[in-house]
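Listed below are the residues making up each chain.
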Amino acid sequence: MDDAPSPSESQAEVRIVAATPEAARRVAEVLRHCFASTEQRSYPAGEGGGTRLHLTLDTAHTAEPARSWLTASESTGQASAHADEV
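Rules behind the numbers
- Residues numbered from 1 in each chain as written.
- Predicted model: local features only at pLDDT ≥ 70, side-chain atom pairs only at ≥ 80, totals over all residues.
- Heavy atoms only, no water.
- Helix = DSSP H or I, 4+ residues; strand = E, 2+ residues; numbered from the N terminus.
- Buried < 20%, exposed > 50% of the residue type's maximum accessible area, 1.4 Å probe, protein only.
- Contact = heavy atoms within 4.5 Å.
- Areas by Shrake-Rupley, 256 points an atom, 1.4 Å probe, with all protein chains shown as cover.
- Salt bridge = Lys/Arg side-chain N within 4 Å of Asp/Glu carboxyl O.
- Polar contact = N/O pair within 3.5 Å; in protein donor to acceptor, adjacent residues only side chain to side chain.

On a plain count of helices and strands, the protein chain comes out with 2 helices and 4 strands. When the elements of the protein chain are put in sequence order from the N terminus, they spell out β-α-β-β-β-α. Looking at the protein chain as a whole, 17% of its 86 residues are labelled buried. If you take every contact in the protein chain between residues at least 6 apart in sequence, the share linking residues at least 24 apart comes to 55%. For the protein chain, the exposed surface amounts to about 6,700 Å²; the carbon and sulfur share of it is 53%.

Here it is in structure tokens:
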């Protein structure tokens, strides 16, 4: 279980799981073009290989295209986890 503090209202914790570190870094780079972010942290994804990359995004400081997407989207108020998430 992760004992990290909950993100503030304007932050989003992102975890990327990819087969290779390079693939995870490419996804993180795209997110950084849209949102201000913290330094990424990477970890092994498990016995099967792969990489987990964690970063915190600041959703209050967005750039295009995130700004237009966030403005147009509406929250449903329903959050659900995938079967492998806690």
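A few words on the pattern of salt bridges. Oppositely charged side chains are able to pair whenever their charged atoms sit close together. Per the stated rule, a full pass over the model turns up 5 salt bridges. Residues glutamate 13 and arginine 41 are paired through a salt bridge, measuring 3.7 Å at the closest nitrogen-oxygen approach. Placement of the pair is glutamate 13 in strand β1 (residues 11-18) and arginine 41 in strand β3 (residues 41-44), with a sequence separation of 28 residues. The partly exposed category is assigned to glutamate 13, whose relative accessible area is 34%. In this structure, the salt-bridge partner of arginine 32 is glutamate 29, at a minimum N-O distance of 3.2 Å. With arginine 32 and glutamate 29 both in helix α1 (residues 21-34), this residue pair falls 3 residues apart, about one helical turn.

This part is about the environment of threonine 56. Looking at the element boundaries, threonine 56 is found in strand β4 (residues 51-62). Classification of threonine 56 by relative accessible area gives buried; the value is 8%. Sequence separation between threonine 56 and arginine 15 is 41 residues; the distance between their C-alpha atoms is 8.8 Å. Threonine 56 has contacts with Gln11, Ala12, Glu13, Ala36, Ser37, Thr38 and Arg41, leaving out every residue within four places of it along the chain. One polar contact links threonine 56 to glutamate 13, side chain to side chain, over a distance of 2.7 Å.

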